[in-house]
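Report on the structure
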Amino acid sequence: MSEQMQRIVLASRPVGEPTDENFTLETLDIPEIGDGEVLVRNHYVSLDPYMRGRMDDAKSYAAPVPIGGTMEGGTVGEVIASNHPGFAPGDFAFGMLGWATHGVGKGAEMRKLDPKLAPITTALGVLGMPGFTGWFGLIEYGKPKEGETLVVAAATGPVGSMVGQVAKARGLRVVGVAGGPEKCKMAVETYGFDACIDHYAFETASELRAALKAECPKGIDIYFENVGGKVLDAVLPMMNPHGRIPLCGMIAWYNAGALGAEASAEALTGPRMWRSILVNFLSVNGFIISNHFDSYPDFLRDVGPMMAQGKIAFVEDVAEGLENAPEAFRGLLKGRNKGKQLVKVI
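The sections below set out a description of the structure shown in this document. (Residues numbered from 1 in each chain as written. Predicted model: local features only at pLDDT ≥ 70, side-chain atom pairs only at ≥ 80, totals over all residues. Heavy atoms only, no water.)

**With respect to the overall build of the protein**
Using the following cut-off: Only runs of H or I of at least four residues qualify as helices and only runs of E of at least two qualify as strands under DSSP, and these elements are numbered from the N terminus. It is over C-alpha atoms that the radius of gyration is taken, and the globule rule equals 2.2 Å times the number of residues to the power 0.38. Partly exposed residues are those whose accessible area sits between 20% and 50% of the maximum for their type, while under 20% is buried and over 50% is exposed, using a 1.4 Å probe and protein chains only. When checking whether two residues touch, look at their non-hydrogen atoms; a contact exists if any pair is within 4.5 Å. In this description, accessible areas are obtained by the Shrake-Rupley approach with a 1.4 Å probe, and a residue is regarded as covered only by the protein chains that are shown. Neither His nor the chain ends contribute to the count of charged residues, in which Lys and Arg are positive and Asp and Glu negative. For charged residues, the charge sits on one atom: NZ in Lys, CZ in Arg, CG in Asp, CD in Glu.
Assigned secondary structure in the protein consists of ten helices and 15 strands. In terms of overall size, the protein behaves like a compact globule, its C-alpha atoms giving a radius of gyration of 20 Å where 346 residues would be expected to give roughly 20 Å. Its C-alpha atoms give the protein principal-axis dimensions of roughly 60 × 45 × 35 Å. By residue count, 52% of the 346 residues in the protein fall in the buried class. Restricting to contacts in the protein with at least 6 residues of sequence separation, those with at least 24 account for 68%. Working note: accessible area of the protein is about 15,300 Å², and carbon and sulfur atoms make up 53% of it. Of the side chains in the protein, 32 bear a positive and 40 a negative charge, and the two mean positions are spaced by 7 Å.

**What to know about the packing of helix H2 (residues 129–142) against helix H9 (residues 296–308)**
Stated precisely, the cut-off is as follows: Each axis is a line fitted through C-alpha atoms, and for a helix only the stretch in contact is used; angles between axes span 0 to 180 degrees, taken between their N-to-C directions. Here the angle decides the label: under 35 degrees means roughly parallel, over 145 means roughly antiparallel, 65 to 115 means roughly perpendicular, and every other value means oblique. Polar here means any residue other than Ala, Val, Leu, Ile, Met, Phe, Trp, Tyr, Cys and Pro, which are nonpolar, and Asp, Glu, Lys and Arg, which are charged; Gly is therefore polar.
Running from amino to carboxyl end, H2 crosses H9 at an angle of 90 degrees, the nearest separation of the two axes being 10 Å. When the axis of H2 is compared with that of H9, the two are roughly perpendicular. Taking contact as the criterion, the partners of Gly131, Phe132 and Trp135 in H2 are, on H9, Tyr296, Asp298, Phe299, Asp302 and Val303. Residue classes in the contact of H2 with H9 are distributed as five nonpolar, one polar and two charged.

**With respect to the sheet that holds strand S12 (residues 239–247)**
Pairing between sheet strands relies on hydrogen bonds along the backbone, with the strands arranged either parallel or antiparallel. Heads up, the condition is: Any two strands with at least two DSSP-identified bridges between them are counted as paired.
Reading across the sheet, the six strands line up as S10-S9-S8-S11-S12-S13 and stay open at both edges, with parallel pairing between neighbours. Each having just a single partner strand, strand S10 (195–198) and strand S13 (283–286) make up the two edges of the open sheet. Across the sheet, the mean angle separating the axes of adjacent strands is 15 degrees when strand polarity is ignored. The pairing of strand S11 (residues 220–224) with S12 spans two bridges and is classified as parallel. The residue of S12 that forms the bridge with Ile222 is Arg244. Packing of H2 onto the sheet brings it into contact with strand S8 (149–153), S11, S12 and S13, and relative to S11 it is tilted by some 145 degrees. Lying on the sheet, helix H3 (residues 158–169) is in contact with S8, strand S9 (173–178) and S11; it crosses S8 at an angle near 165 degrees.

**Focus: the pairing of strand S1 (residues 4–10)**
Burial within S1 is extensive, with five of its seven residues counted as buried. Strand direction decides the pairing type here: S1 and strand S2 (residues 23–29), joined by seven bridges, are antiparallel. Among the inter-strand pairings, Gln4 is bridged to a residue of S2, identified as Asp29.

**Side note on the packing of aromatic side chains**
This is how it is decided: A pair of aromatic rings is counted whenever rings of Phe, Tyr or Trp (Trp by its six-membered ring) have centres within 6.5 Å, and the orientation is called stacked for planes under 30 degrees apart, edge-to-face for over 60 and tilted otherwise. Each ring is checked for a lysine NZ or an arginine CZ that lies within 6 Å of its centre and within 35 degrees of its normal; such an atom marks a charge sitting over the ring.
Counted under the stated rule, the structure contains 14 aromatic pairs. Summarising the aromatic geometry, the rings of Phe224 and Phe287 are spaced 6.5 Å apart at their centres and angled 80 degrees between planes, so their arrangement reads as edge-to-face. One end of the pair, Phe224, is in strand S11; the other, Phe287, is in the loop between S13 and H9, and 63 residues separate them in sequence. Across the pair, exposure class does not vary: Phe224 and Phe287 are buried alike. The structure contains a cluster of three or more aromatic residues connected by ring pairs, namely Phe132, Trp135, Phe136, Tyr141, Phe224, Phe287, Phe293, Tyr296 and Phe299. The residue whose ring lies beneath Lys112 is Phe87, and the NZ or CZ to ring-centre distance is 6.0 Å.

**Side note on helix H4 (residues 181–189)**
Definition in use: By arc we mean the arc of the directions from the helix axis to the C-beta atoms, nothing more.
Within the span of H4, buried status applies to Lys183, Cys184, Met186 and Ala187. Buried residues of H4, viewed axially, fall in a sector of 155 degrees; they line one side. Across H4 from its buried face, at more than 90 degrees, point the exposed residues Pro181, Glu182 and Glu189.

**Quick notes on the pattern of salt bridges**
Opposite charge on two side chains makes pairing possible when the charged atoms of those side chains draw close. Defined as follows: Counted as salt bridges are all cases of a side-chain nitrogen of Lys or Arg within 4 Å of a carboxyl oxygen of Asp or Glu.
Throughout the structure, instances matching the rule amount to 16 salt bridges. Across the salt bridge formed by Lys338 and Glu182, the nearest N and O atoms sit 3.9 Å from each other. With a gap of 156 residues between them, Lys338 in the loop between helix H10 (325–333) and strand S15 (340–344) and Glu182 in helix H4 connect regions that are remote in the sequence. Since its relative accessible area comes to 52%, Glu182 is described here as exposed.

**Quick notes on unusual backbone geometry**
Even without being glycine, Lys143 reaches a positive phi, approximately 45 degrees. Topologically, Lys143 is positioned in the loop between H2 and S8. Overall, Lys143 belongs to the partly exposed group, its relative accessible area being 47%. Positive phi values are uncommon outside glycine, yet Ala154 reaches one of about 45 degrees.

**Description of the side chain of Asp198**
Our working rule: N or O atoms closer than or at 3.5 Å make up a polar contact, with two conditions inside protein: a donor-capable atom paired with an acceptor-capable one, and, for residues adjacent in sequence, both atoms drawn from side chains.
The residue Asp198 is located in strand S10 in this model. As a buried residue without a salt bridge, Asp198 has its nearest oppositely charged side chain in Lys230, at a separation of 7.8 Å. For Asp198, the side chain forms a polar contact with the main-chain nitrogen of Gly180, separated by 2.7 Å. Within polar-contact distance, the side chain of Asp198 engages the backbone nitrogen of Tyr200 at 2.9 Å. In this structure Asp198 touches Ala178, Gly179, Gly180, Pro181 and Cys184, once residues within four positions along its chain are discounted.

Take a look at the structure:
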């Protein structure tokens, strides 16, 4: 075992889009483990849009990453030392160990993985937090009913693709919104969506709305929101009475800083939004998936058999080398990834 490790720390808080100057790659000694702790040699690190919010010193549902602190993120890897009875060297584990080659975590907060049941990378994507987010938001707050129409933005990402596939399995018409013709083709051919619209092809929300109307002739019953911006402006006036909007993110505004608080005014102003919600009796539910992990076993019971039967597809984008995590992260925020974004550490 190497006596040293590498990690990427937050060197400064970004203004707008993160830059190389906001990150530093450090080499340091591997820490000793204490009682109940586990040392893991990370194989893969997860990159997710929520991490951009952690880079801001803004009030949120979780504390920001401190300057000089390891960038936050989920990891999967091999246990190389353990002071916890649930883990032994050679086991594979998931933990929130950050952008690093090694990590020490409390065994009680980690999850053992069986690579014979599924590739360990799936614990960061389709069977991990993103997949669970899509499933939970759809089932708990979308309340899908056969014959309804669902629209989901970021359709080919790990959240959106789960939403669409679970909705299709329940008999809904599923229309995705994605960036670029290649992603739209993937939404239909890989994930089985009924249609997908390229939002890059439209300059305004009204133009995008016209394209949505052609694919959603009966209106929209469920809009799974994880983007905001132009897509939200296009969708909201099309919501049917008693429509449901699960809200788990707003990627379009993350680089504005302060979780979008400094974003420039959009065409969809507050009064118009509230009026649409009011007169159409809409249910809008914001949720943070970390508050709902008591439902994770239900997710596995529902989606696990679908995975085993080949009914849930997934795509992974893998960047090679921890040093390339910042660039891959910037690409993620710009929508360059096609599937779940990972960094292969070894």
